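Architecture and fold: a report
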Amino acid sequence: MLGALRDVLVLGVLGATAQSCPRPTEILANLSEDYDSLAHPGQLTGLPVNVSLGLYVASIVAVNQKDQQLILEGYYRSAWTDPRLNISRFNCESLTVPTKSGSFPFWQPDLYFDNSVSEWYGAGGLTIDSKGYVFRSERFKHVFRCPMNFDMLPFDSQTCVVRMSSYAYSSADLALRVFAEGAVELPPDYWGTTEFKLTAAAGEVETLFYGVGENQRGYSFVLISFHLHRMPDSFMMFVFVTCILFTFVSWSGLFINRAVAPARVTIAVIPVLIMLNLENNVISNLPPLNYLTWITSYLLLMKFFCVSAVFEYGLVSFLIQLETARERQFEAFRHLATTVKKKAAEDEASISCERPRPPSWTSPKVYPSAGSAGSTSARKLLQVAPGVAQKEKEDKEPAEEKEKKEDDTEELNLQKKFNKVYRLFDADDSGELSWREVQMGFRKLGQYWSKDQVQELFFSLGIVGHQRMTQADFKRFMMDIQKFLPGKAMNISFFERPPSYQVDVVFRWLYITGVVLVTAGWLLSTMGT
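Residues numbered from 1 in each chain as written. Predicted model: local features only at pLDDT ≥ 70, side-chain atom pairs only at ≥ 80, totals over all residues. Heavy atoms only, no water.

Focus on the pattern of salt bridges
Taken as a whole and assessed by the stated rule, the structure comprises 16 salt bridges. Where D504 meets R264, a salt bridge forms, and the shortest distance between an N and an O atom there is 3.1 Å. With D504 in helix α12 (residues 499-524) and R264 in helix α5 (residues 261-284), this pair connects stretches of sequence that are 240 residues apart. Of the two residues, D504 and R264, both sit in the buried class. Salt-bridge contacts for E437 lead to R468; the nearest nitrogen and oxygen are separated by 3.5 Å. Here E437, found in helix α8 (residues 435-444), pairs with R468, found in the loop between α9 (451-460) and α10 (471-479); they are 31 residues apart in sequence, far enough to count as distant. On the accessibility criterion, E437 (9% relative accessible area) is buried. Its relative accessible area of 31% is what places R468 among the partly exposed residues. Several salt bridges converge on common partners, so that one network encompasses D428, E432, E437 and R468. (Salt bridge = Lys/Arg side-chain N within 4 Å of Asp/Glu carboxyl O. Helix = DSSP H or I, 4+ residues; strand = E, 2+ residues; numbered from the N terminus. Buried < 20%, exposed > 50% of the residue type's maximum accessible area, 1.4 Å probe, protein only.)

Here is the structure:
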């Protein structure tokens, strides 16, 4: 009997519970009677409606740097109180309605994302509690505008702001605020994307005024800021370090023999192409910028260094051509020395071998007698012979004079050439040559002698102490140039080297010093970022 009574009581309680909270459709039907969906709840109280906003960010899908956009996905949440939706009279604690079904015919705030580029909404729902508190949540994936500054790329930080507001209601009708728990909620241990670290996310409310005079109205905005800091490891390893390595490759090419043009040109040009490729890869992922970033300015400077190596070898090649031309002048100098020596030998031979010869007309001649059989012929011969002898004499004198004139002309030309060469050495026109003048003179002829080599030449010519080389000493040197030429120098200073070598060495030091200073300065500029 007691068991049956208990069952009856349980069924009665269940029936009463079932009757205490009707089905959602019945509740919505009852609530919609005499409900004006165009009137916001504040019109009943005369106060603005407080609407709380917030985002649950499931993930930052991407940070699109080229288009300067932030892509988020998660859940968009809003909440407000509408006393007309008090369901306590239905003995219900809460009511949940899906938003996609369109089965919620009541007032909702006309909220929108002010800086969205594209929007997508998924499943969502509304929950109403017994006091008319409405909580709405919808899945979303939106693309937001996010102006970025890349001055310190790849050590840059970006702040992207999501702006939410009401389109039609001013702050006098709708007061926006963030949830008490915060404007942003993130999954546990979420830190951002593979490239950007989410360092902070916070929300605030601001009021902006639009219109003029009596038409001016304020509108509430909820701003949710996402602070993103780029992780520079990828840039530093694959761009910065690669840039430095190929800059040093370009520098190492400066140690290749400057006479080996193909190798020098190849190792100078390849780093330039690498720099251009790195630069294009960085710029292709950025929007068009009218300023240089940290990494692009560094790439630009390293590109200048690599290009300067190409131009430097162009200068070195030009100097090598000048040095080659001067070497040809030295060969001409040797040829002149040989000619002078040969001429001196010929003059000496002609002087030693010259003997006095009687004139042709003093030689005894035999003429036939008048009574001889050949007297008539003899008389004729006697008449002709003096004329022939005179003609021979006249012909011989111009030939000797011509030969003498040619000899004089040749000697005069040799003397002019000798004087020209000597003036090439005699910089101060003193008539004598110091060791420095001899050294500089031979530099003009493509011979880069050390001081020791010049002093060896002076010693070989018997010039000692502070004596200077005279023209006679110089001619003696030219008479036997092979004998007096000094041997190879054991030590030769930098300033005694060929110009092409000097340019190469100076540029090596300038290049590596500039690269080290620029790199150190760029790295120091990142301190504190």
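Moving on from the model shown.
Brief notes about the side chain of E437
Engagement of the side chain of E437 in a polar contact is seen with the backbone nitrogen of A427, the distance being 3.3 Å. Not counting the four nearest positions on each side in its chain, E437 is found in contact with F425, D426, A427, D428, E432 and R468. (Polar contact = N/O pair within 3.5 Å; in protein donor to acceptor, adjacent residues only side chain to side chain. Contact = heavy atoms within 4.5 Å.)

As for the packing of aromatic side chains
Under the criterion given, the structure shown has 34 aromatic pairs. Aromatic pair F155 and W294: ring centres 5.1 Å apart, planes at 85°, arrangement edge-to-face. Of the two residues, F155 sits in the loop between β7 (133-145) and β8 (157-166) while W294 sits in helix α6 (residues 294-353), which places them 139 residues apart along the sequence. Note on accessibility: F155 and W294 belong to one class, buried. Here the aromatic residues F330, F333, F418, Y422, F425, F442, W449, F474 and F477 are joined through ring pairs into a cluster of three or more. Lying over the aromatic face of F221, R163 brings its terminal NZ or CZ to 4.9 Å of the ring centre. Positioned over the ring face of Y501 is R497, at 4.8 Å from the centre of the ring. (Phe/Tyr/Trp six-rings, centres within 6.5 Å; stacked < 30°, edge-to-face > 60°. Lys NZ or Arg CZ within 6 Å of the ring centre and 35° of its normal.)

Considering α9
Of the residues making up α9, those classed as buried are Q453, V454, L457 and F458. One face of α9 carries all of its buried residues, which in axial projection span an arc of 145°. G462 lies just past α9 and shows a positive phi near 80°. (Arc of directions from axis to C-beta.)

Brief notes about the nonpolar core
By size, the foremost hydrophobic cluster in this structure holds 74 residues, and its most contacted members are L55, L70, L72, V162, M164, I224 and F226. Dropping the residues within four chain positions of it, M164 is found in contact with L53, L55, Y76, Y112, F113, L176, S220, F221, V222 and I224. Ranked by size, the runner-up nonpolar core spans 26 residues in total, among them Y422, V438, M469 and F484. (Core = buried A, V, L, I, M, F, W, Y, C linked by side-chain atoms within 4.5 Å.)

A word on the UniProt feature "domain: EF-hand" (unreviewed entry) in the protein
When the UniProt feature table is mapped onto this chain, "domain: EF-hand" (unreviewed entry) is found at residues 413-448. Within the segment residues 413-448, helix and strand shares are 64% and 0% respectively, and the terminal C-alpha atoms sit 28 Å apart. (UniProt positions renumbered as here; feature names shortened; annotations may be inferred.)

What about the packing of α8 against α9?
Their axes nearest at 10 Å, the elements α8 and α9 cross at an angle of 115°. Compared by their axis directions, α8 and α9 come out roughly perpendicular. Here the hand of the crossing between α8 and α9 comes out right-handed. Facing α8, whose interface residues are W435, V438, Q439 and F442, α9 presents K451, V454, L457 and F458. (Axes fitted to C-alpha atoms, helices over the stretch in contact; angles between N-to-C directions. Parallel < 35°, antiparallel > 145°, perpendicular 65-115°, else oblique. Left-handed = near helix turned anticlockwise from the far one by under 90°.)

Structural notes on the state of the cysteines
Put plainly, a disulfide is one covalent bond tying together the sulfur atoms of two cysteines. Across all of its chains, the model carries two disulfides by this definition. Between the sulfur atoms of C21 and its disulfide partner C92 the distance amounts to 2.0 Å. A torsion of 120° about the S-S bond marks the disulfide between C21 and C92 as right-handed. Pair noted here: C21 is in the loop between α1 (2-20) and α2 (24-32) and C92 is in the loop between β2 (69-81) and β3 (94-98), with a separation of 71 residues, a long-range link. Across the disulfide from C146 sits C160; the S-S distance is 1.9 Å. Disulfide C146-C160: the torsion about the S-S bond is -80°, which places it as left-handed. With a gap of 14 residues between them, C146 in the loop between β7 and β8 and C160 in strand β8 connect regions that are remote in the sequence. For the pair C146 and C160, one class covers both residues: buried. With its bonded cysteines labelled in order along the sequence, the protein shows the pairing 1-2, 3-4. Between C243, a cysteine without a disulfide, and C306, which holds the nearest cysteine sulfur, the sulfur-to-sulfur distance is 7.0 Å. (Disulfide = S-S within 2.5 Å.)

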